[in-house]
Amino acid sequence: MLKLLLIGLKDLRLMFRDRAALTFMLLAPFLLTVGMGFVTGRFSGGSSGLSDIPVIVVNLDNDQLGDVLAEAFSSQELADLMEPTASSDPEAARRLIDEDQAAAAVIIPEGFTRSVIPAAGTAFDPNYVEPEPVQIEVYANPSRPTSAGVVKAIVDEFVSRVEEGRTSGMTSMLALASSGLLDPQDMEGEARQLFENVEQSESTAITLKKSQEGAQAVEFDILAYMAPGMALMFLMYTVSYGGRSILAERSQGTLPRLLVSPTSASQVLGGKVLGIFFMGVAQIGILILASSVFFGLEWGDTPGLLLLILAAVFGATGWGMLITALSRTPGQVGSIGSAMMLIFGILGGSFINLDQMPAAIRTFSKITPNAWGLDGFTTLALGGTLPSLVEPIGALLIMGAVLFGIAVLLFNRQGMMQN
Amino acid sequence: MPSILEVNQLVKKYGDFTAVNGVTFDIKEGEVFSLLGPNGAGKTTTISMLSTLYSPTSGDATIGGHSITKAPLAVKQVIGVVPQEIALYEDLTARENLIFWGQMYGLSGKPLHSRVDEVLEQIGLTDKAKNRIRTYSGGMKRRVNIGVGLLHKPRLLFMDEPTVGIDPQSRRAILDTVKDLNKQGMTVLYTTHYMEEAQELSDRVGIIDHGELIALGTQKELTQQVGHTDTLILHIGESDDPEALANSLRGVQDVLEANVTDHEVSIITPGAEDILAAVVSKANERGIKIRSIDIREPNLEAVFLHLTGRALRD
């Protein structure tokens, strides 16, 4: 294990001494992110880059809160971001999502408002039984994770503010009643008034996109998409650079020298893989740090971010090992790696949001670490945490393991690590 | 002296091509043993098998009592290898290279660093230790290349043509290093196609050609195989026919052999001075202009020529 680590750290050190490689690995993605930021207007206060997200709103509640949420999607503030369609049939809405006609369906169930605001005359009835909580359903289109994520973020924000409002309202009422400032007979009326005026109020907790705080909460920063997009694209360069170093070591004689030292072939190969992994993690880590410092970019939940980085680099490392196993010379790895970097960059959504691509390409993009990685980073940027990253992280880990297994088989067949 | 290395019928085949064919020899503890042969003779393949890099097609060898096929890891602990090419990381300094390779041989901590200092002094690069290998001359790189092989104080050091492509001064330094190492008790297996190096360094020499060990012994034993003969090398004009001259010389008294290489005719004779007049006369008869004549007393080159009919550099 120690030798694996030593070989990996040696490769990391060599990477940091290769100026040309550093330019490609760090400077190029950083500058491209800045360029894309200017193009999309991020640095001039322009749009987020996401617009006209098709969403189907099914309001079965037809009461105060359901109406507020439904109207929020049609509000002036979300006019550029959302393109809502009203529907009264949940099944039809889900079907449309399955057919990729929209990014998500928001289904507000019947009785949603009543589950939050009891009917008149019942709230303080000693026999009143609080109804089962009724939840709003966001039926997301898995092939449009970014857009669906934005819709989900808006609904989550709404729900959390409803909960916040209910809790703080009830607490205030009880406090006023216990201090004698409010007659218990008037409590229900006051509470109802508090909720029923929600859509007119600028300050109430459940207004959506009306208060500045709420607007920030659902605003999607285009750099939160562009920065990981570029980082993931150039990660493919890094892993091919690492893979190239395996063949370069063979041609410059250091690989045979390692193999005649008391170091097993599997230790050497493991060390090289670890080196590629270290390089990828260092690259993504530096780019994330730089974008946080220079652009003030929020990357989201830290544990989720760390695990996602490790998984994305692992998946990409698998590809790096595979192209190395399929190549005969370091030059071939470089050529294939560069081509793969661009193809995966386009396919995986590093340049163009996958939601805007045809369904076939979105399906095909799943072979790239870029698509899964971007899915994860977008989820994080939209407020997701580790549990919501299970799918992309799992996919990346499986991808890396399968590709690594194939690469090892090919290496063995070639007798490359023979000793 | 016990043998530290015993090679038994070692064979390496690549498809139909036999790179090493039934090589058998041994090396005594404390010896400098040279494998002498032209490029492509099978020297590097032999060392590669002995250092466990390649598996032999058949045969085996034991190093320090460990079989190269059955206990390669134990063999690796006994040997040090100085490969023919510069096998170093160009973007690491000499010290960083030595530390890394020392770690690969299981050294660590203070013993590693003090050993690195010793080796740097031994190869005369203490003051340049912090410079990257990329900035070194060919000779300096060769010295670090050797230093890596010495780090773990191996009992048996394999040196595969360590003087190829370097200046005379660095070559001299390397040969002196080999002698010093041997004086300190290290056993050395040295491969070369330079006859002078084998002659200067070796206690015993194995001559290898086309994958076969064609002669083995001390220098004295080998030259005795040729007999007490001189070698006369005639350098002739490019437009002249060396084969015609060689044919005419084969009938001359005391000419034991006359062989052609490029525009040279090599003559094996019991006494070079005795046949000089006849040789010049034969050349004149054929209108062949002799540009120069070298007379060589019995040496390993002559042995090789005697055994193969070719010069070592062919």
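Residues numbered from 1 in each chain as written. Chains lettered and ligands numbered in written order. Predicted model: local features only at pLDDT ≥ 70, side-chain atom pairs only at ≥ 80, totals over all residues.

## Topic: the overall build of chain B
Of the regular secondary structure elements, chain B holds 11 helices and 14 strands. Taking all 314 residues of chain B together, 46% fall into the buried category. The long-range share in chain B, meaning contacts at least 24 apart out of those at least 6 apart in sequence, stands at 68%. (Helix = DSSP H or I, 4+ residues; strand = E, 2+ residues; numbered from the N terminus. Buried ≥ 20, exposed ≤ 12 C-beta atoms within 10 Å, placed from the backbone. Contact = placed C-beta atoms within 7 Å.)

## Focus on the overall build of chain A
Counting secondary structure elements, chain A contains 16 helices and four strands. Going through the 419 residues of chain A one by one, you find that 47% of them count as buried. Sequence separation of 24 or more characterises 79% of the internal contacts of chain A that already satisfy a separation of 6 or more.

## Describing the confidence of the model for chain B
Residues and elements named next belong to chain B. Averaged over all residues, the pLDDT of chain B equals 89, while 99% of them reach at least 70. Ranking the elements of chain B by mean pLDDT puts helix H11 (residues 300-308) last, at 79, and helix H3 (residues 94-104) first, at 95. Across the predicted assembly, pTM comes out at 0.69 and ipTM at 0.79. (pLDDT = per-residue confidence, 0-100.)

## Notes on the interface of chain B and chain A
Contacts between the two partners involve 18 residues from chain B, matched on the other side by 18 residues from chain A. Listed by contribution, the elements that provide at least two residues to the side of chain B that touches chain A are helix H2 (72-78) and H3 of chain B. Here the residues of the side of chain B that touches chain A are counted per class, giving 10 nonpolar, five polar and three charged. (Nonpolar A, V, L, I, M, F, W, Y, C, P; charged D, E, K, R; others polar.)

## Thoughts on helix H9 (residues 223-251) of chain A
In this model, H9 of chain A (29 residues) spans 41 Å end to end at C-alpha, consistent with the 42 Å of a helix rising 1.5 Å per residue. With respect to burial, H9 of chain A is a largely interior element, 26 of its 29 residues being buried. (Expected span 1.5 Å × (residues − 1).)

## Notes on the nonpolar core
Among the nonpolar cores identified, the biggest contains 182 residues, and Val55, Ala104, Ala105, Val106, Val151, Leu235 and Met236 of chain A are the most heavily contacted of them. Ranked by residues supplied to this core, first place goes to H9 of chain A with 17 residues. Apart from residues no more than four positions distant in its own chain, Val106 of chain A is found in contact with Val55, Val57, Val58, Ile136, Val138, Val151 and Val155 of chain A. Among the nonpolar cores identified, the runner-up in size contains 15 residues, and Ala246, Ile267, Ile268 and Ala272 of chain B belong to it. (Core = buried A, V, L, I, M, F, W, Y, C linked by C-beta atoms within 7 Å.)

## Quick word on helix H4 (residues 109-122) of chain B
All names here are of chain B. When the terminal C-alpha atoms of H4 are compared, their 20 Å separation across 14 residues agrees well with the 20 Å that a helix rising 1.5 Å per residue should span. Taken residue by residue, H4 has Val116, Val119 and Leu120 as its buried positions. All buried residues of H4 lie within an arc of 100 degrees about the axis, which places them on one face of the element. Away from the buried face of H4 by more than 90 degrees, exposed residues Lys110, Pro111, Ser114 and Glu121 are located. Buried positions along H4 lie against H3 and helix H5 (138-150). Following H4 by one or two positions, Gly124 has its phi on the positive side, about 70 degrees. (Arc of directions from axis to C-beta.)

## Here we look at the pairing of strand S7 (residues 156-160) of chain B
If a strand is regular, its side chains alternate between the two faces of the sheet. Residues and elements named next belong to chain B. For S7, the tally of buried residues reaches five of five residues, placing the bulk of the element in the interior. Covered by surrounding structure in S7 are Leu156, Phe158 and Asp160 together with Leu157 and Met159, the residues of both alternating faces. Looking at chain direction, strand S6 (residues 79-82) and S7 are connected through four bridges and run parallel. When the sheet's bridge partners are listed, Val82 is paired in S7 with Met159. (Pairing = 2+ DSSP bridges.)

## Examining the sheet that holds S7 of chain B
Residue and element names in this part refer to chain B. Pairing is mixed in the open sheet, where six strands are placed in the order S6-S7-S8-S3-S9-S10. Lying at the two open borders of the sheet, with one neighbouring strand each, are S6 and strand S10 (212-217). On average, adjacent strands in this sheet sit at an angle of 15 degrees to one another, irrespective of strand direction. Across four bridges, strand S3 (residues 32-36) lies against strand S9 (residues 204-209) in parallel orientation. Bridge pairing in S9 places Leu36 opposite Ile207. In the packing of helix H6 (residues 168-183) onto the sheet, contacts are made with S3, S7 and strand S8 (187-192), and the angle to S8 comes to roughly 155 degrees. Sitting on the sheet, helix H8 (residues 219-226) touches S9 and S10, and the angle it makes with S10 is about 110 degrees. (Axes fitted to C-alpha atoms, helices over the stretch in contact; angles between N-to-C directions.)

## Comments concerning the packing of H8 of chain B against H11 of chain B
Geometrically, a packed helix pair is captured by the angle between its two axes and the distance between the axes. Residue and element names in this part refer to chain B. Across the interface, H8 lies against H11 with an axial gap of 9 Å and an inter-helix angle of 45 degrees. Judged by the angle between their axes, H8 and H11 are oblique. Seen from above, H8 lies across H11 with left-handed handedness. Counted together, Gln219, Leu222, Thr223, Gln225 and Val226 of H8 and Leu300, Ala302, Val303 and His306 of H11 form the full contact between these two elements. Looking at the contact of H8 with H11, its residues break down into five nonpolar, four polar and no charged. (Parallel < 35°, antiparallel > 145°, perpendicular 65-115°, else oblique. Left-handed = near helix turned anticlockwise from the far one by under 90°.)

## Observations concerning the sheet that holds strand S1 (residues 3-14) of chain B
Paired through their backbone hydrogen bonds, the strands of a sheet run either parallel or antiparallel. Residues and elements named next belong to chain B. Spatially, S2-S1-S4-S5 is the arrangement adopted by the four strands of the open sheet, whose pairing is antiparallel. At either end of the open sheet lies a strand with only one pairing partner, and these are strand S2 (17-28) and strand S5 (66-67). In the sheet, S1 pairs with strand S4 (residues 58-63) via five bridges, with the strands oriented antiparallel. Residue pairing across strands places Val11 opposite Ser58, the latter belonging to S4.

## Structural notes on the environment of Glu212 of chain B
Residues and elements named next belong to chain B. On the secondary structure map, Glu212 appears in strand S10. A C-alpha to C-alpha distance of 9.8 Å links Glu212 and Leu10, two positions 202 residues apart in sequence. Excluding residues within four positions of it along the chain, Glu212 makes contact with Asn21 and Gly22.

## Here we look at the pairing of S10 of chain B
Residues and elements named next belong to chain B. Across five bridges, the pairing between S9 and S10 is antiparallel. From the neighbouring strand, Ile208 faces S10, where its bridge partner is Leu213. Remark: two residues form the turn of the hairpin made by S9 and S10, two consecutive strands paired antiparallel; His210 in that turn has positive phi of roughly 50 degrees.

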